Amino acid sequence: MTLFVQQLANGLALGGIYCLAAIGLTLVFGVLGFPNLAHGALYMLGAYLTFFFLTDVGLPYVVAILAAAVVLAFLGVVLERLVFHPLRNSPHTHHMIATVGVMFFLVAVVQEIWGTGFLRMESPVNGQVSVAGAQVSWQRIIIIVTAVVVLLLLTWFLKRSPHGQAIEAIEQDRTGAALVGINPSMVSMVTFAVSLALVAIAAGLVAPINLLSPGMGDSLSLTVFAIIILGGLGSLPGAIIGGFTIAIAEVMAATYISVGAGEAAIFIILIAVLAIKPTGIFGTVTQR
Amino acid sequence: MITITGLSASYDAVDVLHAVDITANDGELTVILGANGSGKSTLFKAMSGVLRPTAGQVEFNGEDITRSSPAGIVKKGLAHCPEGRHLFPQMSVEKNLMLGAYVRRGDKKRVKALLERSYELFPILHEKRKQAAGSLSGGQQQMVAIGRSLMSDPTMLILDEPSMGLAPLITQQVFDTIVEINKEGIGVLLAEQNANSALQIATSGYVLAEGRVVLSGTAKELQNDPRVQRAYLGV
Ligand SMILES: Nc1ncnc2c1ncn2[C@@H]1O[C@H](COP(=O)(O)OP(=O)(O)O)[C@@H](O)[C@H]1O
Ligand SMILES: [Mg+2]
C-alpha cells in the first residue's frame, strides 16, 4: 500500500508534466493544423533556460521557471512570425518540415552553449513529507500543485478571455472565426506563445529530478504525441486525461512489472484505445 | 449602401466571378438569385474579405473596402452570415452569439443590448442558450448564425442561402425573421435559390449565371420577367 501511494504520487507528478507539454502541442495542432515536431526540443530548451536562470542568474526556482516561460513565449511569437506565418498558404507538410528544421536548430544552439554532455541541476527544494505512510518529495508536490494551478489558469484563459475564446473559435471553425472578425495571425501568435510557455513550465518543473541533455526532449516528444493521439488531436480535456492516464500506467507498469513494461504500457494503451475509437477519446474530425 | 463595380474573383487561377456590378441600398432587401454554382457565395466572400478579388471594387458607405480584412469590414458594419452557417459547434449558443460581438467587445453595454435583441428576435435561442450550438436542429442553427451576425451590430447584413436544407415551414419562419430584421432598418443582401419566396420579400434583385449578372430589376419586374419565371418560378 505504501509503495502504491508512493508510486501514485510519482505518477501524478509525471502526469502533470505530460499534461502541460501535451496541451501545448495539442493547442498548436488545433489552431494551426500541423504537429509541431520541435516541441520536444523546445521542452529541452526550457529546461536549460530554467537551469540558466536558477544557477547563473541566481533567481529563485519558481521565478526562474517563469522567466524561462516568458523567454519561450517570446520565442514562440518570433517563430510564428519568422517561420510559420510565411508558410500560411502552403501545404501542411511544409510546416512539418519547418518544425524539423527548428528542432535541429535548437539542439545545435543548446549544444553550442551548454555542450553535449549531461548537466545536473541542484534540487532547489529538498525534503519529503509523509502522505498516508509514503514519503513524497517536496519537488513532486510542487510539480503536482503547479500543474493543477496552471491548468486552472489555462482553462480560465480559454473559456473566459477574448483571446482564449478566439483560439477555441478558430479550432472549431476557421471561416466562422474570420467572419466574426477574429484575426488568425494574432491567434496563431498567441497560441504559439501559450504553447511554448506551457512546455517551458513542464521542463522547469522536471529539471531538478532529471538530468539535462540536448537529447532530453526526444523521448518526451514521443510520449506526448502518443498522449494527444490518445486524447484526440486538438482536444484539451483529451490531453489532460491522456496525460494522467499514460503517466500513471507508465509508473505502475514500471513498478509492478518491469522498467521496460513502463514504456510498453504507453503504446499498448494507445493501440487499445485507437482500436476501439480511432479518433482518440475526445477526437471528432481528424481530416483537415 | 454597397456599390460593387467590375468585381472579379477566382479560385486557384480559375475565374469564377466576371466583372459583376451590384448595388444594395440601405434599409432595402436585395436578393441575388442564381442556380447552384453561379457564383453567389463567391461574390459574398469577395465582399466580406475572406476571398481576395482579382479585379474591381467594393464600396461600403462610400468607403473602398476591397482590400480590407474581414475584421475591418465587420467593424465598419457589414456582416456576412455564410452558407453552411459555420457555427462553433462545441460552444454554447450564448458563446456563439457573444463571439459575434467580438469586434464590439470593448463596449459591454452595447453587447448586452445586442444579446437581448437577438433573444427577442429568436426566443427559442434564449431557452437553448446553454446548449452546444452543434446539437440544435438545422433551423435553430440558422437562427444562431443570423443572431451571431447581428451581434456585430451591422447596418448591412449579407445572408447566404439561409433556407438551405430546411423544411418549408422552417424556411417560412426564417424568411419572416429576415423581413423583421429588414424592418428594423438593417439592409439585407440575400442569396437564394428559392426565388419565389425571396422575390416576395425583396425590394430589388439580380440574377447571376456563370459568374455574371444576367438580369436585374425591382422584385416586381423580376417576378414578371418570363426568363425568371421559366428558370426559377416554375411557371
Ligand atoms: N473553394 C473553392 N475552390 C474552387 N472552386 C470553388 C470553390 N468554391 C466554389 N467554387 C466554384 O466556383 C463556382 C461558383 O461557386 P459558388 O460561388 O459557391 O456558387 P453558388 O454560391 O452560387 O452556388 C462553382 O463553379 C464552384 O464549383
Ligand atoms: Mg453558395
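Everything numeric here is computed off the predicted structure, so don't read it as measured data. (Residues numbered from 1 in each chain as written. Chains lettered and ligands numbered in written order. Predicted model: local features only at pLDDT ≥ 70, side-chain atom pairs only at ≥ 80, totals over all residues. Heavy atoms only, no water.)

Things to note about the sheet that holds strand S5 (residues 63–64) of chain B
Residue and element names in this part refer to chain B. Threshold: Two strands make a pair as long as DSSP finds a minimum of two bridges between them. Put simply, DSSP H or I for four residues or longer makes a helix, DSSP E for two residues or longer makes a strand, and each gets a number counted from the N terminus. Residues count as neighbours in contact if any of their non-hydrogen atoms are within 4.5 Å of one another. Axis geometry follows a simple rule: fit a line to the C-alpha atoms, using only the stretch in contact for helices, then measure angles between N-to-C directions, giving values from 0 to 180 degrees.
Spatially, four strands are ordered S2-S1-S4-S5 in an open sheet, and the strand pairing comes out antiparallel. For this open sheet the edge positions go to strand S2 (14–24) and S5, each flanked by a neighbour on one side alone. The sheet contact formed by strand S1 (residues 2–11) and strand S4 (residues 55–60) spans five bridges and is antiparallel. Each residue of the ladder has a partner; that of Ile-2, found in S4, is Phe-60. On the sheet, helix H1 (residues 40–48) packs against S1, S2 and S4 and is oriented at approximately 110° with respect to S1.

Examining the packing of helix H6 (residues 162–172) of chain A against helix H8 (residues 184–206) of chain A
Residue and element names in this part refer to chain A. Let me state the cut-off plainly: These descriptions rest on fixed angle ranges, namely under 35 degrees for roughly parallel, over 145 for roughly antiparallel, 65 to 115 for roughly perpendicular, and the rest for oblique. Basically, the charged four are Asp, Glu, Lys and Arg, the nonpolar ten are Ala, Val, Leu, Ile, Met, Phe, Trp, Tyr, Cys and Pro, and anything else, Gly included, counts as polar.
At a minimum axis distance of 10 Å, the contact between H6 and H8 shows a crossing angle of 105°. By the criterion of interaxial angle, the relationship of H6 to H8 is roughly perpendicular. Between H6 and H8, the contacting residues are His-163, Ala-166, Ile-167 and Ile-170 on the first element and Pro-184, Met-186, Val-187, Val-190 and Thr-191 on the second. A breakdown of the residues in the contact of H6 with H8 according to their chemical character gives seven nonpolar, two polar and no charged.

Overview of the confidence of the model for chain B
We apply this condition: pLDDT measures how confident the predictor is about each residue, on a scale from 0 to 100.
Mean pLDDT for chain B: 95, with 99% of residues reaching 70 or above. Scored by ipTM, the complex comes to 0.94, with pTM at 0.90.

Considerations on the coordination of the magnesium ion (ligand 2)
Residue and element names in this part refer to chain B. Our working rule: Coordination here is defined by N, O and S atoms within 2.8 Å of the metal (3.2 Å for Na, K and Ca), and since water is not considered, a site can look incomplete. Relative accessibility decides the category of a residue: with a 1.4 Å probe and only protein chains considered, values under 20% of the type maximum give buried, values over 50% give exposed, and everything between is partly exposed.
For the magnesium ion (ligand 2), the protein coordination sphere consists of Ser-41 (OG) and Glu-83 (OE), at 1.9 to 2.0 Å. Separated by 42 residues along the polypeptide, Ser-41 in helix H1 and Glu-83 in the loop between strand S6 (78–81) and helix H3 (93–100) bring together distant segments of the chain. For Glu-83, a relative accessible area of 30% puts it in the partly exposed group.

Observations regarding the UniProt feature "transmembrane region" (unreviewed entry) in chain A
Residue and element names in this part refer to chain A. Note the following rule: UniProt positions are given in the numbering used here, feature names are shortened, and annotations may be inferred rather than shown by experiment.
Here, UniProt's "transmembrane region" (unreviewed entry) annotation points to residues 12–32, 61–84, 96–117, 137–158, 189–212, 224–249 and 256–276. Taken end to end, residues 137–158 is 95% helix and 5% strand, and its first and last C-alpha atoms sit 32 Å apart. Secondary structure over residues 189–212 splits into 75% helix and 0% strand, and the C-alpha atoms at its two ends are 28 Å apart.

With respect to the interface of chain B and chain A
So the rule is basically this: What gets called buried area is simply the loss in accessible area from a 1.4 Å probe that two parts show on being joined, summed for both. Any Lys or Arg side-chain nitrogen located within 4 Å of an Asp or Glu carboxyl oxygen qualifies as a salt bridge. Here a polar contact is taken to be a pair of N or O atoms separated by no more than 3.5 Å, where protein atoms must pair a possible hydrogen donor with a possible acceptor and residues adjacent in sequence count only if both atoms sit in side chains.
In this assembly, 20 residues from chain B lie in contact with 17 residues from chain A. Between chain B and chain A, the buried area comes to about 1600 Å², and carbon and sulfur atoms account for 65% of it. Across the chain B-chain A interface, the total number found is zero salt bridges. Summed over the shared surface of chain B and chain A, the result is four residue pairs in polar contact (both at pLDDT 80 or more). Elements with a contribution of two residues or more to the side of chain B that touches chain A: helix H2 (70–76) and H3 of chain B. Considering only residue class, the side of chain B that touches chain A consists of twelve nonpolar, five polar and three charged.

Some details on the packing of aromatic side chains
Stated formally: Each aromatic pair joins two rings of Phe, Tyr and Trp (for Trp, the six-membered one) with centres within 6.5 Å, and gets the label stacked for planes under 30 degrees apart, edge-to-face for over 60, and tilted for any other angle. Two conditions define a charge located above a ring, namely a distance within 6 Å from the ring centre to NZ of Lys or CZ of Arg, and an angle within 35 degrees of the ring normal.
Counted by the stated rule, this structure contains four aromatic pairs over all chains. Arranged with centres 5.1 Å apart and planes meeting at 15°, the rings of Phe-84 of chain A and Phe-192 of chain A form a pair that is stacked. Remark: Phe-192 of chain A occurs in helix H8 and Phe-84 of chain A occurs in helix H3 (residues 61–84); sequence separation between them is 108 residues. The exposure class assigned to Phe-192 of chain A is buried, which follows from its relative accessible area of 0%. Ring pairs connect the aromatic residues Phe-34, Phe-84 and Phe-192 of chain A, which therefore count as one cluster. A cation sits over an aromatic face here: Arg-105 of chain B above Tyr-102 of chain B, 4.1 Å from the ring centre. Taking the ring centre of Phe-88 of chain B as reference, the NZ or CZ of Arg-148 of chain B above it sits at 4.9 Å.

Notes on the packing of helix H9 (residues 217–231) of chain A against helix H11 (residues 259–276) of chain A
Residue and element names in this part refer to chain A. Here is the rule: We call a crossing left-handed when the near helix sits turned anticlockwise from the far one by less than a right angle, and right-handed when that turn is clockwise.
Taken N-terminus to C-terminus, the directions of H9 and H11 make an angle of 25°; their axes are 10 Å apart at the nearest point. Classed by the angle they form, the pair H9 and H11 counts as roughly parallel. Once H9 is placed against H11, the crossing between them reads as left-handed. Of the residues in H11, those in contact with Leu-222, Thr-223, Ala-226, Ile-229 and Leu-230 of H9 are Ile-266, Phe-267, Ile-269, Leu-270, Val-273 and Leu-274. Residue classes in the contact of H9 with H11 are distributed as ten nonpolar, one polar and no charged.

Section: the side chain of Ser-38 of chain B
All names here are of chain B. Among the secondary structure elements, Ser-38 is positioned in the loop between strand S3 (29–33) and H1. For Ser-38, the side chain forms a polar contact with the main-chain oxygen of Ala-35, separated by 2.7 Å. If we ignore the near neighbours within four places in the chain, the residues touching Ser-38 are Leu-208, Ala-209, Glu-210 and Gly-211.

Some details on the nonpolar core
To keep things clear, this is the line we draw: Side-chain atoms within 4.5 Å are what join buried Ala, Val, Leu, Ile, Met, Phe, Trp, Tyr and Cys residues into a set we call a nonpolar core.
Ranked by size, the top nonpolar core spans 91 residues in total, and within it Leu-20, Tyr-43 and Ile-182 of chain A carry the most contacts. A per-element tally of this core places H8 of chain A first, with 15 residues. Core analysis: the second largest hydrophobic core is formed by 43 residues, Leu-33, Tyr-119, Leu-121 and Leu-199 of chain B among them.

Looking at the pairing of strand S10 (residues 212–218) of chain B
Residue and element names in this part refer to chain B. In this structure, strand S9 (residues 204–209) lies alongside S10, joined through six bridges in antiparallel fashion. Pairing of Ala-209 across the sheet is with Arg-212, part of S10. Hairpin connection, S9 to S10: the antiparallel pair is bridged by two residues, and Glu-210 has positive phi, about 45°.

Thoughts on the site of ligand 1
All names here are of chain B. Stated formally: For this purpose, a residue is taken to be near a molecule or strand whenever a single non-hydrogen atom of the residue falls within 4 Å of it. Computed by Shrake-Rupley with a 1.4 Å probe, the accessible areas treat only the displayed protein chains as cover when residues are assessed.
In the neighbourhood of ligand 1, the contacting residues comprise Tyr-11, Val-16, Ala-35, Asn-36, Gly-37, Ser-38, Gly-39, Lys-40, Ser-41, Thr-42 and Glu-83. In this structure, an oxygen atom belonging to ligand 1 sits 3.2 Å away from a side-chain N or O atom of Asn-36. Residue Ser-41 places a side-chain N or O atom 2.7 Å away from an oxygen atom belonging to ligand 1. Calculation on ligand 1 without its partners gives an accessible area of 560 Å², and the protein chains cover 60% of this total. Looking at the shell around ligand 1, the element that brings in the most residues is H1, giving three residues. Along the lines of polarity and charge, the residues of the shell around ligand 1 split into three nonpolar, six polar and two charged.

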